[in-house]
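Each chain is listed here by its residues.
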Amino acid sequence: MPVRQYIAGFGLRGAAQAKKVGVLSGGERNRVHLAKVLKRGHNLLLLDEPTNDLDVHTLRALEDALQAYAGAAVVISHDRWFLDRICTHTLAFLDPETDGEAGVEFYPGSYSEYREDREDRLGTAKKSGNTNTKKGAAEGGSAGGGDGGGKKKNKKKKGKGKK
């Protein structure tokens, strides 16, 4: 993909592409840095609330870049739809006040699949249980696997999925 087309996907079009980074707004600079990081050959990304303050077009560019990313990405987000689009594995941080126990659960699937599995395992009494939303646990903070991020696998087996 040509560089101008790639950076346009992050919301920098036309004259903005010719500006020096130092004169861009804070949001525009963040988009440039995000585009650069995703284009480099790193094997691990740590993203804390990456969807905050992104417009729809930049969010889509981020999703596409993460889905094409060959490394592993650890993503902390409260955006459930985003997590379901990009994550192949979920780490859910449990809160003893709302979940009845403290701990971390691993699930080899999307956040929505994890929630469904948890409800099935715990029964209807826990269906209204909430995973921790205070510490960036993303309603189940998630780690995308290194297999292309959002590529869906076959339906997961029920259970915790611990290896």
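Now for a description of the structure that goes with this document. Model, not experiment: these values are computed from the prediction. (Residues numbered from 1 in each chain as written. Predicted model: local features only at pLDDT ≥ 70, side-chain atom pairs only at ≥ 80, totals over all residues. Heavy atoms only, no water.)

### What to know about the side chain of Thr88
Along the polypeptide, Thr88 turns up in the loop between α4 (80-86) and β3 (89-94). For Thr88, the side chain forms a polar contact with the side chain of His89, separated by 2.7 Å. (Helix = DSSP H or I, 4+ residues; strand = E, 2+ residues; numbered from the N terminus. Polar contact = N/O pair within 3.5 Å; in protein donor to acceptor, adjacent residues only side chain to side chain.)

### A look at helix α2 (residues 26-39)
Note that an α-helix has 3.6 residues per turn; residues three or four places apart therefore point the same way. Between its terminal C-alpha atoms α2 stretches 20 Å, which fits the 20 Å expected from 14 residues at 1.5 Å a residue. Within α2 the residues assigned to the buried category are Glu28, Arg31, Val32, Leu34, Ala35 and Leu38. Seen end-on, α2 carries its buried residues on one side only, within an arc spanning 165°. As for α2, its buried residues are in contact with α1 (3-8), β1 (44-48) and α3 (56-68). (Expected span 1.5 Å × (residues − 1). Buried < 20%, exposed > 50% of the residue type's maximum accessible area, 1.4 Å probe, protein only. Arc of directions from axis to C-beta. Contact = heavy atoms within 4.5 Å.)

### Details of the nonpolar core
Within the largest apolar cluster, 29 residues are counted, with the highest numbers of intra-cluster contacts made by Phe10, Leu38, Leu45, Leu66, Val75 and Phe82. Those elements that place two or more of their residues in this core are α1, α2, β1, α3, β2 (72-76), α4, β3 and α6 (111-122). Here the element with the most residues in this core is α3; it accounts for five residues. (Core = buried A, V, L, I, M, F, W, Y, C linked by side-chain atoms within 4.5 Å.)

### Brief notes about the packing of aromatic side chains
Enumeration over the complete set of coordinates arrives at three aromatic pairs. Between Tyr111 and Tyr114, the ring centres sit 6.1 Å apart and the planes meet at 40°, which makes this aromatic pair tilted. Placement of both Tyr111 and Tyr114 in helix α6 is noted, with a separation of three residues, approximately one turn of the helix. As far as burial versus exposure is concerned, Tyr111 and Tyr114 are alike and both buried. Here the basic side chain of Lys39 rests over the ring of Tyr6, its NZ or CZ set 4.6 Å away from the ring centre. (Phe/Tyr/Trp six-rings, centres within 6.5 Å; stacked < 30°, edge-to-face > 60°. Lys NZ or Arg CZ within 6 Å of the ring centre and 35° of its normal.)

### Topic: a nonpolar patch on the surface
A cluster of nonpolar side chains, Leu44, Leu46 and Val74, forms an exposed patch at the surface whose accessible area comes to about 280 Å². You can see Val74 is positioned in strand β2. Judged by relative accessible area, which is 32%, Val74 ranks as partly exposed. (Patch = residues over 30% accessible without salt bridge, like charges linked within 9 Å, V, L, I, M, F, W, Y side chains within 5 Å. Areas by Shrake-Rupley, 256 points an atom, 1.4 Å probe, with all protein chains shown as cover. Salt bridge = Lys/Arg side-chain N within 4 Å of Asp/Glu carboxyl O.)

That's the geometry; what it means functionally is another story.
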